[in-house]
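Observations on the three-dimensional arrangement
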Amino acid sequence: MNPPEQTSAQVDAQLSTSGRAGAGGYLDRYEAAAGKDPADALALLAGWLRTDWRPLFAELRAHRPVLATPVFTIVTRFADVTEVLSRGEVFTVAGYAARLDPALGGPVMLTRDGTPLNRREKGLMQVMLPPEDVPRVRGLVAEVADAVLDAALPHGRVEVVGDLFRHVCAEVSGRYFGFPGPDRPTLSRWSRAVMTDVTANLAGDPGIHAASLSAGAEMMDYLRALLAERRMAVAADAARAPQDILSRLLRTRLPRELSLEDERLLVNVAGLLLGFMENASGSMVHVVQQVLGRPELREAVTEAAAEDDTAAFDRHVWEALRFDPFLKLIARTCERDHVLARGTPHETRVPAGSLVLAAVASAMFDETAVPAPDAFRLDRPLHTSLHFGHGPHACLGADPGAAVICETLRRLFRRPGVRLLPPPEGTVLRDRGVFPDRFTLGLGQEEE
Ligand code: HEM
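Residues numbered from 1 in each chain as written. Predicted model: local features only at pLDDT ≥ 70, side-chain atom pairs only at ≥ 80, totals over all residues. Heavy atoms only, no water.

**Concerning the overall build of the chain**
Our working definition: Secondary structure is summarised from DSSP: a helix means a run of H or I of at least four residues, a strand means a run of E of at least two, and numbering begins at the N terminus for each. All radius of gyration figures rest on C-alpha atoms, and the globule criterion is 2.2 Å times the number of residues raised to 0.38. Note on classification: 1.4 Å probe, protein chains only; a residue is buried when its accessible area is under 20% of the maximum for its type, exposed when over 50%, partly exposed between these limits. Note on charges: Lys and Arg go in the positive column, Asp and Glu in the negative column, and His and the chain ends are not counted at all. One atom stands in for each charge, and that atom is NZ of Lys, CZ of Arg, CG of Asp or CD of Glu.
Tallying secondary structure elements over the chain gives 17 helices and 11 strands in all. Relative to the compact-globule value of 22 Å for 448 residues, the chain shows a C-alpha radius of gyration of 22 Å, a close match. With the C-alpha coordinates aligned to their principal axes, the bounding extent of the chain is approximately 70 × 65 × 40 Å. Counting the 448 residues in the chain, one finds 55% classified as buried. For the chain, the distance from the average site of its 50 positive side-chain charges to the average site of its 59 negative ones is 2 Å.

**Concerning the coordination of the iron atom of the ligand**
Selection rule: Counted as donors are N, O and S atoms no farther than 2.8 Å from the metal, or 3.2 Å for Na, K and Ca; water is not among the atoms, and sites may therefore look incomplete.
Within the protein, a single donor atom binds the iron atom of the ligand, namely Cys395 (SG) at 2.3 Å. Mapped onto the fold, Cys395 is located in the loop between α16 (360-363) and α17 (398-413).

**Remarks on the sheet that holds strand β1 (residues 66-68)**
What counts here: By definition, two strands form a pair when at least two bridges between them are found by DSSP. Any two residues having at least one pair of non-hydrogen atoms within 4.5 Å are treated as being in contact. Axes here refer to lines fitted to C-alpha atoms; in helices the fit is confined to the stretch in contact. Angles between the N-to-C directions go from 0 to 180 degrees.
Taken together, 5 strands build an open sheet; the order of strands is β1-β2-β8-β5-β3 and the sheet is mixed. One side of each edge strand has no neighbouring strand; the edge strands of this open sheet are β1 and β3 (91-92). Each of β1, β2 (73-75), β3, β5 (330-334) and β8 (355-358) touches helix α4 (residues 78-86); the most contacted strand, β8, lies at about 125° to it.

**Comments concerning helix α3 (residues 53-63)**
Those residues of α3 lying buried are Trp53, Pro55, Leu56, Phe57, Glu59, Leu60 and Arg61. Turning to α3, the residues buried within the fold contact α1 (26-36), α2 (38-51), β1, β2, α15 (311-322) and α16.

**Structural notes on the pairing of strand β10 (residues 435-438)**
For a regular strand, side-chain orientation follows a simple rule: the groups alternate between the two sheet faces. Pairing analysis gives 3 bridges linking strand β9 (residues 429-431) to β10, with the strands arranged antiparallel. Looking across to β10, one finds that Leu429 is bridged to Arg438. Counted along the chain from β9 to the antiparallel partner β10, the turn is 3 residues long, and its residue Arg432 has a positive phi close to 55°.

**Observations regarding the site of the ligand**
Keep this limit in mind: Here, proximity means that at least one heavy atom of the residue falls within 4 Å of the molecule or strand. Contacts described as polar in this section are N or O atom pairs within 3.5 Å, which, within protein, must combine one atom able to donate a hydrogen with one able to accept it, while residues neighboring in sequence count only if both atoms come from side chains. Classes in brief: Ala, Val, Leu, Ile, Met, Phe, Trp, Tyr, Cys and Pro nonpolar; Asp, Glu, Lys and Arg charged; the others, Gly included, polar.
Looking at the ligand, there are 27 residues lining it, with Tyr96, Lys122, Arg332, His393 and Cys395 nearest. Note that an oxygen atom of the ligand is positioned 3.5 Å from one of the backbone N or O atoms of Leu110. Between the ligand and the protein, one listed contact pairs an oxygen atom with a side-chain N or O atom of His393 at 2.6 Å. Looking at the shell around the ligand, the elements with two or more residues in it are α13 (277-292), β5 and α17. Among the residues making up the shell around the ligand, the classes are represented as 16 nonpolar, 9 polar and 2 charged.

**Comments concerning the pattern of salt bridges**
The following threshold applies: For this analysis, a salt bridge means a side-chain nitrogen from Lys or Arg found within 4 Å of a carboxyl oxygen belonging to Asp or Glu.
In total, this model carries 34 salt bridges according to the counting rule given. Here Arg192 and Asp437 are joined by a salt bridge, their closest N and O atoms 3.1 Å apart. Remark: Asp437 occurs in strand β10 and Arg192 occurs in helix α9 (residues 184-199); sequence separation between them is 245 residues. Given the relative accessible area of 11%, Arg192 is considered buried. Here Glu319 ties to Arg380 by a salt bridge, and the two come within 3.1 Å at their closest N and O atoms. Remark: Arg380 occurs in the loop between α16 and α17 and Glu319 occurs in helix α15; sequence separation between them is 61 residues. Judged on exposure class, the residue Glu319 and its partner Arg380 are both buried.

So, in structure tokens, the structure goes:
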């Protein structure tokens, strides 16, 4: 079967924003609109997914846990979302391939399900990114973030997206992944161009796709030259070569039949940047909005940031993100007819070819899996957190990614006077309504 055109993963899914309480009655309004014009009904739904996602999902979980529209099927309960994300043989990532593979010139682990390539490369890259690196990553992040914040303090302002979050991500890419790019803006542009096509081009705009192909080709050319240079450095003196992921890969010896060709190695290095920068910076913006928008939370987070032990602070971060995840939906293609939630009152036959949206943002508010979901609690068990996905495609970089998010935010909230500013200065500006580009906060003493 043909995967649906618009499977871009996490589909326009960083649909942003507040999830404010709404009027309810979404299903009735959707169905009334669908009776007249299905396109209008979809536009209505897309709008609610941006602005009213919490009450919309609450209603769907209660009354229509699996909602089939003419374009996609949206799955809202925790058990069903995890069923979709765990059943790679039914709900595949095939839809990512048309976007991501041509940008990088070959298959990527996120575009293949359980193939030898996927297993071998994910396994190898997991070895390259061990949890033991977390203290080093946190140290690097602390150094970079503190330098940015020191420089911003005299101005009483910090623009957190470009100057802090993306800056930190670029430094981590350079100094930890070994992939600095020719300069920070270029690295940032590559990430944005490719990920816009993969995750925010539901309509299949050819201009967005072309920009991704061109950025991807530039990036891969750059990486080929970098690899040649780095290989010489490792051959000259492995101990003195930079101790980063790229050098680790070059120092790794596998049996010949299992070894990776250079091009495969580079696709995986590119994947480190692509999996990372947009998700990390977007998630950090959402956490800051949550924390600074709730005075009692801001106080608790400021106190936790001051502690040497980072555990309490980190728990605040993940719980704050639950109230507004940057990634709200994860897309899959249903490869063959499947009965979802079999044996429950809402079991639903999902036909082959459907684009299925697993609403992780909804699942994390499902009271059958997440007790008292509307309460801000710091004792949530790890398995109920879906920020890094679930199942065979769960995030490769969850440990370093979590370390970057938590330590950057910890450094920010250790500073006195971090606060929201009134619009227009304090407004979050987003590219295509999805990717944050600017967000200026007040810093230091408030002017009288
Ligand atoms: C060092 C940082 C990161 C790296 C290197 C990285 C890399 C990756 C890669 C390669 C995959 C695909 C795995 C596969 O196909 O098996 C992936 C998946 C994923 N990542 Fe990350 N990532 C990072 C940070 C993050 C962050 C900060 C978030 C969000 C807070 C995130 C959320 C996800 C999610 C939700 C998936 C699953 C996608 C799906 O199932 O379709 N990642 N990541």
